[in-house]
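# An overview of the molecular structure
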Amino acid sequence: MERKVGSSTLTAKEVKAALEKSTTLTAEEEKALRMRHGAGASSPSAPLPRAAGANAELADELLVIEMQLMKAMRARTGQTRTAANASKAPAAAAVRTREAPANATKDKIVRALRTKKK
């Protein structure tokens, strides 16, 4: 095996261009190369890859799971409007409730001080 005499340097642009053309890398390998060489994503507005790929059955199952998680999150935070409805309506002043504290750290400190007084 011959030793390499010269040295070469990869630039972030070269790595980014090579990654855009590559179809054989896994997501973890691509991420590692981007982090190692400082190559950002191809485009900030580019769509994210789908986890289901071309499998329609898996895509449907993931959609159902996502809908269940969104419903649980809305129930936990007390949110009733969807993002589509919120963009149509004018922004209302946020009302602080016991379910959604404005600042969790501040509330934790206040609770600790209250128990300390007793």
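Now for a quick tour of the structure. (Residues numbered from 1 in each chain as written. Predicted model: local features only at pLDDT ≥ 70, side-chain atom pairs only at ≥ 80, totals over all residues. Heavy atoms only, no water.)

## Concerning the overall build of the chain
Put simply, the test is: Where helices and strands are cited, they refer to DSSP runs of H or I of at least four residues and of E of at least two residues respectively, numbered from the N terminus. Think of it in three bands: residues with accessible area under 20% of the maximum for their type are buried, residues over 50% are exposed, and the middle band is partly exposed, with areas taken using a 1.4 Å probe on protein chains only. Contacts: residue pairs with any heavy atoms within 4.5 Å of one another. All accessibility values rest on the Shrake-Rupley procedure with a 1.4 Å probe; residue burial counts only the protein chains present in the view.
Tallying secondary structure elements over the chain gives five helices and zero strands in all. Reading the chain from its N terminus to its C terminus gives the helix and strand order α-α-α-α-α. Taking all 118 residues of the chain together, the buried fraction comes to 5%. A separation threshold of at least 6 residues defines the contact pool for the chain, and within that pool the share at least 24 residues apart is 21%. Of the accessible surface of the chain, which amounts to about 11300 Å², a share of 58% is contributed by carbon and sulfur atoms.

## Side note on a positive patch on the surface
Condition: Candidate patch residues must exceed 30% relative accessible area and have no salt bridge, after which like charges are joined if within 9 Å and Val, Leu, Ile, Met, Phe, Trp or Tyr side chains if within 5 Å. Any Lys or Arg side-chain nitrogen located within 4 Å of an Asp or Glu carboxyl oxygen qualifies as a salt bridge. All tallies of charge rest on Lys and Arg as positive and Asp and Glu as negative; His and the ends of each chain are not included. A charge is said to be at NZ when it belongs to Lys, at CZ for Arg, at CG for Asp and at CD for Glu.
A grouping of K108, R111, R114 and K117 is seen on the molecular surface, where their side chains present a positively charged patch. Checked against the element boundaries, R114 lands in helix α5 (residues 104-117). Judged by its relative accessible area of 54%, R114 falls in the exposed class.

## With respect to α5
Heads up, the condition is: Expected helix span is taken as 1.5 Å per residue step, with the number of steps being one fewer than the number of residues. Side-chain atoms alone can form a polar contact between residues adjacent in sequence; in general such a contact is a pair of N or O atoms within 3.5 Å, and within protein one must be able to donate a hydrogen while the other accepts it.
Between its first and last C-alpha atoms α5 spans 20 Å; for 14 residues at 1.5 Å apiece the expected length is 20 Å, and the two agree. Judged by how many residues are buried, α5 sits mostly at the surface: one of 14 residues are covered. Where α5 starts, the residue carrying a side-chain oxygen 3.2 Å from the main-chain nitrogen of T105 turns out to be N103.

## Let's talk about the pattern of salt bridges
Any two side chains of opposite charge can pair, so long as their charged atoms come close to each other. Within this structure, the stated rule accounts for one salt bridge. The residue R34 makes a salt bridge to E30 at a minimum N-O spacing of 2.9 Å. Residue R34 and its partner E30 are located together in helix α2 (residues 27-37), separated by four residues, close to a single helical turn. For E30, a relative accessible area of 28% translates into the label partly exposed.

## Side note on the side chain of R34
Relative accessible area serves as the criterion here: at 14%, R34 is assigned to the buried category. Separated by 2.5 Å, the side chain of R34 and the backbone oxygen of G40 make a polar contact.

## A short note on the packing of helix α1 (residues 12-21) against α2
Heads up, the condition is: A fitted line through C-alpha atoms serves as each axis, taken over the contacting stretch for helices, and the angle formed by two N-to-C directions is quoted from 0 to 180°. Orientation categories follow fixed angle ranges, with anything under 35 degrees roughly parallel, anything over 145 roughly antiparallel, 65 to 115 roughly perpendicular, and all other angles oblique. By convention, the crossing between two helices is left-handed when the near helix turns anticlockwise from the far helix through less than a right angle, and right-handed when the turn is clockwise. Three classes are used: nonpolar for Ala, Val, Leu, Ile, Met, Phe, Trp, Tyr, Cys and Pro, charged for Asp, Glu, Lys and Arg, and polar for all others, with Gly counted as polar.
Direction vectors running N to C along α1 and α2 enclose 165°, while the axes themselves pass 9 Å from each other. Judged by the inter-axis angle, α1 sits roughly antiparallel to α2. Crossing geometry of α1 relative to α2 is assigned as left-handed. Within the contact between the two elements, α1 uses A12, V15, K16 and L19 and α2 uses E30, L33, R34 and H37. Class assignment of the residues belonging to the contact of α1 with α2 gives a composition of four nonpolar, one polar and three charged.

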